[in-house]
Amino acid sequence: MPAPNDFVLKVGTVNGSGSQTANLVLLRALFRMGVPCSGKNLFPSNIAGLPTWFEIRAHPRGWLARRRGVDLLVAMNPASAAQDLAEVLPGGVVVYDEPLALAGRRTDVAAHGVPFGKLVLEVCPEPRLRRLVVNMIYVGVVGRLLGLDRGELDAALARMLRGKEKALGLNRAAVDLGWRWAGDHLPAPCPVAVERPPRNLNEGRILVDGNAAAALGAVFAGVSVFAWYPITPSTSLGDALAGYLGKYRRDPATGKATFAVLQAEDELAAVGMAMGAGWAGARAMTSTSGPGISLMGELLGFAYYAEVPCVVVDVQRLGPSTGLPTRTAQGDILQVATLSHGDTRHPMLFPSSVAEAFTMAGDAFDLAERFQTPVFLMSDLDLGMNLWPSEPFPFPEKPLDRGKVLKEEDLARLGKGGFFRYVDRDGDGIPYRTLPGTPGGLGSYFTRGSGHDEFGRYTEDPAGYVKNVERIARKWETLRSALPAPEVIRAGTEPAPVGILHFGTTRWAVEEALSILREEHGIAADACRILAYPFHDGVGEFLRAHGDLYMVEQNRDGQMASLLRAANPEPVVGLEGILRYDGFPPDARSVVDAVLVGRRSAP
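The residue numbers shown here count from 1 along each chain, following its written sequence. With pLDDT at 70 or above as the cut-off, local features in this predicted model cover only qualifying residues; side-chain atom pairs require 80 or more to be listed or tallied, and sums for whole chains, interfaces and linings still use all residues. Water and hydrogen atoms were dropped before computing side-chain values, which therefore reflect all heavy atoms in the structure.

Enquirer: How should I be thinking about the overall build of the protein in this particular structure?
Expert: Where helices and strands are cited, they refer to DSSP runs of H or I of at least four residues and of E of at least two residues respectively, numbered from the N terminus. In terms of regular secondary structure, the protein is built from 19 helices and 21 strands. Since a compact globule built from 603 residues should have a radius of gyration of about 25 Å, the 27 Å found for the protein is in line with a globular shape. Each principal axis of the C-alpha atoms in the protein carries an extent, and together these give about 90 × 70 × 45 Å. Looking at the protein alone, contacts between residues at least 24 apart form 76% of all its contacts between residues at least 6 apart. Values of accessible area rely on a 1.4 Å probe in the Shrake-Rupley scheme; residue burial ignores everything except the protein chains shown. As presented, the protein carries roughly 25,000 Å² of accessible surface, and 54% of it is formed by carbon and sulfur atoms. Charged-residue counts in this description rest on Lys and Arg as positive and Asp and Glu as negative, His and the chain ends being excluded. Lysine's charge is taken at NZ, arginine's at CZ, aspartate's at CG and glutamate's at CD. Computed over 62 positive and 67 negative side-chain charges, the separation of the two mean positions in the protein equals 4 Å. Using C-alpha atoms as the atom set, the radius of gyration is obtained and then compared with a globule rule of 2.2 Å times the number of residues to the power 0.38. What makes two residues a contact is simply this: any of their non-hydrogen atoms within 4.5 Å.

See the structure below:
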């Protein structure tokens, strides 16, 4: 029997049945009670009909990774009921739609059939609404079983249906009915239970998804042009950004927009629009996923070579090709690192949390303009489309970094012939630039993706070409020092026997795994979370300090490990991959099991 506030609740329904609102009511009620929790929506890519699941994990220590096994199952879908039942841990509880007849299929769980189809007739006279309203009945049943505070349940429902009074009344009646039915027909106490903590562990915290967080970060960073083409799972980022800009970026006197949101005909056009705006001096961005990144390659190679700033948010999904559009992955790492033909290199930032999605979005714009290059914010579906608990985001205090932009007075001081677009005056590889329309007539230059020299002139001279691309490579080394250092968790003052590298949302499984390894197996392990590429020197130091190394990532081929091996002059030995590529976020036990197997098989 799980301890109070330590459980996984899984709801299995049909895609398109309107269950998302009901599931979020349960999550928000639990959050409002002060119980650390998180939710994951596991849904198919079709519009309606296939199985969909929602998982809520609660844990007193605030673990956020997905966990194996289910303690309380709500089974509403005949197509997935048997599979869902198999995941319930011994001693668990199953609430199921009565026609599924799950009672007796397992003797080690408590199974309770609920006549949802009959109950919904009591509260919903409109037949077309019943498939939606029935979900709120299981909210009442589950709320009563778990011991959720009824006031918090009502408050969560009111928030979800704010401004929809008629719908709120209907759904509240359904919750009431489920609550009463559970009290009259189900045994108490339930082995899976919630207790309000003595101290609200969510006090002052928020629930937000990573796409909204990144969009808000872009707004605070000064984005004024957003060009995009909708694609799962980044579409909600575009929707959120358009909403924020529409609300906060209008001239107070006229009400006119001081921004542009452009839906292009495809991803190649979208990044071209963002590049054009970045070249003209706007803070510009696009968002997409793996298939869109593939289409953008040609123009992003142009941006790299012509040194045009822009930001690309890649909300990764499972590939290759169309793949599984609604499953999470970290499979675009190698593609983005060298996207486009020839010798191209692109910096990447790897947020692990909604707070980092917010702050790194701002960092991406500063880096793009300072280094005059495309910068990628590498999110994923798990971070982007799920609600995560977080401290409120910090208000950005530092000024925007626009980089080496020459104004009229700067050009006048240099005089005629003093400004050339690709001359490296400072030895850091970063040239100076001007913005179109700069007064004085001294700031014009050619932008071209074909061969050019340091003066911006077309050339096919080998020496001039080599000089220019080597200067761009110098800029890459300067960039390395400007990127964030890795976050290292040490088990002690000296390097531990085991070193685990990771990035992005694998953070949550790894941090929990460190605790399990220490507390259950007596194994000390250090962890190194990579925040950016090119790699900070601290990443190499971690590699050299540990002989028993593991790289946790969500792709088949160990893409980040490949970059690590290529970036380190010394051979990276003993680096084993802990790889998850089925579209579901990794769990801590998988990391622990891989480490245990690796240590048993070590010579």
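Here the narrative resumes, following the displayed structure.
Enquirer: Explanation requested: the packing of helix H3 (residues 116-123) against helix H6 (residues 165-185) in the structure shown.
Expert: Describing two packed helices takes the angle between their axes plus the distance from one axis to the other. To get an axis, a line is fitted to the C-alpha atoms, and for a helix only the part in contact is used. The angle between two axes follows their N-to-C directions and goes from 0 to 180 degrees. As a packed pair, H3 and H6 sit with axes 10 Å apart at the nearest point and diverge in direction by 130 degrees. Comparing the axis directions of H3 and H6 gives the class oblique. With respect to the hand of their crossing, H3 and H6 are arranged in right-handed fashion. Seen from H3, the contacting residues are Leu 119, Glu 122 and Val 123; seen from H6, they are Leu 170, Ala 173, Ala 174, Leu 177 and Trp 181. Each residue gets one of three labels, nonpolar for Ala, Val, Leu, Ile, Met, Phe, Trp, Tyr, Cys and Pro, charged for Asp, Glu, Lys and Arg, and polar for the others, Gly among them. For the contact of H3 with H6, the class distribution of residues is seven nonpolar, no polar and one charged. Note on terminology: angles under 35 degrees are roughly parallel, angles over 145 are roughly antiparallel, angles of 65 to 115 are roughly perpendicular, and the others are oblique. Handedness of a crossing follows from how the near helix is turned relative to the far one, being left-handed for an anticlockwise turn of less than a right angle and right-handed for a clockwise one.

Enquirer: Looking at this structure, how should I read the environment of Ile 231?
Expert: Following the sequence through the fold, Ile 231 ends up in the loop between strand E8 (225-228) and helix H8 (235-248). When the C-alpha positions of Ile 231 and Pro 291 are compared, they lie 8.7 Å apart, and in sequence the two are 60 residues distant. Look past the residues within four positions of Ile 231 in its chain and what remains in contact with it is Glu 267, Thr 288, Ser 289, Pro 291, Gly 292 and Arg 317.

Enquirer: What exactly am I supposed to notice about the sheet that holds strand E4 (residues 70-75) here?
Expert: Within a sheet, neighbouring strands are paired by backbone hydrogen bonds and run either parallel or antiparallel to one another. Two strands are counted as paired when DSSP detects at least two bridges linking them. Strands sit in the order E2-E3-E1-E4-E5-E6 across an open sheet of six strands; the sheet is mixed. Each end of this open sheet is capped by a strand with a single partner; those strands are strand E2 (37-42) and strand E6 (110-114). Neighbouring strand axes in the sheet, compared pairwise and without regard to direction, differ in orientation by 15 degrees on average. Pairing geometry for strand E5 (residues 88-97) and E6, over five bridges, is parallel. Bridge pairing in E6 links Asp 97 to Val 114. Contacting strand E1 (7-14), E2 and strand E3 (51-58), helix H1 (residues 19-32) crosses the sheet at an angle of about 0 degrees to E3.

Enquirer: Looking at this model, I keep getting lost on the environment of Val 11. Mind explaining?
Expert: Here Val 11 lies in strand E1. Each residue's exposure class comes from its accessible area (1.4 Å probe, protein chains only) as a fraction of the maximum for that residue type: buried when under 20%, exposed when over 50%, partly exposed otherwise. Residue class for Val 11 comes out buried when judged on its relative accessible area of 2%. Along the primary structure Val 11 and Gly 281 are separated by 270 residues, whereas in three dimensions their C-alpha atoms are 48 Å apart. Discounting chain neighbours no more than four positions away, the residues touching Val 11 are Asn 23, Thr 52, Trp 53, Phe 54, Val 74 and Tyr 138.

Enquirer: Could you clarify how one ought to interpret the sheet that holds strand E16 (residues 487-489) in this entry?
Expert: Across the sheet, five strands lie side by side as E16-E18-E17-E20-E21; this open sheet has mixed pairing. The sheet is open, and its two borders are formed by E16 and strand E21 (575-579), each paired with just one other strand. Strand-to-strand twist across the sheet, computed as the mean angle between neighbouring axes with direction ignored, equals 20 degrees. Relative to strand E18 (residues 525-530), E16 runs antiparallel, the two sharing three bridges. Across the sheet, the residue bridging to Glu 487 is Arg 529, located in E18. Of the strands in this sheet, strand E17 (498-503), E18, strand E20 (548-553) and E21 touch helix H18 (residues 559-567), which is tilted by about 130 degrees from E20.

Enquirer: Sorry if this is basic, but what is going on with the nonpolar core here?
Expert: One broad rule of soluble globular proteins: the nonpolar side chains tend to lie buried together. Take the buried Ala, Val, Leu, Ile, Met, Phe, Trp, Tyr and Cys residues and link them wherever side-chain atoms come within 4.5 Å; each set so joined is a nonpolar core. Among the nonpolar cores identified, the biggest contains 100 residues, and Met 285, Met 348, Ile 500 and Leu 501 are the most heavily contacted of them. Considering every element that reaches this core, the biggest residue donor is helix H12 (residues 354-371), with 10 residues. If near-sequence neighbours (up to four positions away) are discounted, Met 348 is found in contact with Ile 333, Val 336, Ala 337, Phe 376, Met 378, Leu 531, Ala 532, Tyr 533 and Leu 563. One finds Val 25, Ile 56, Val 74 and Cys 190 within the second-largest nonpolar core, a separate group that totals 56 residues.

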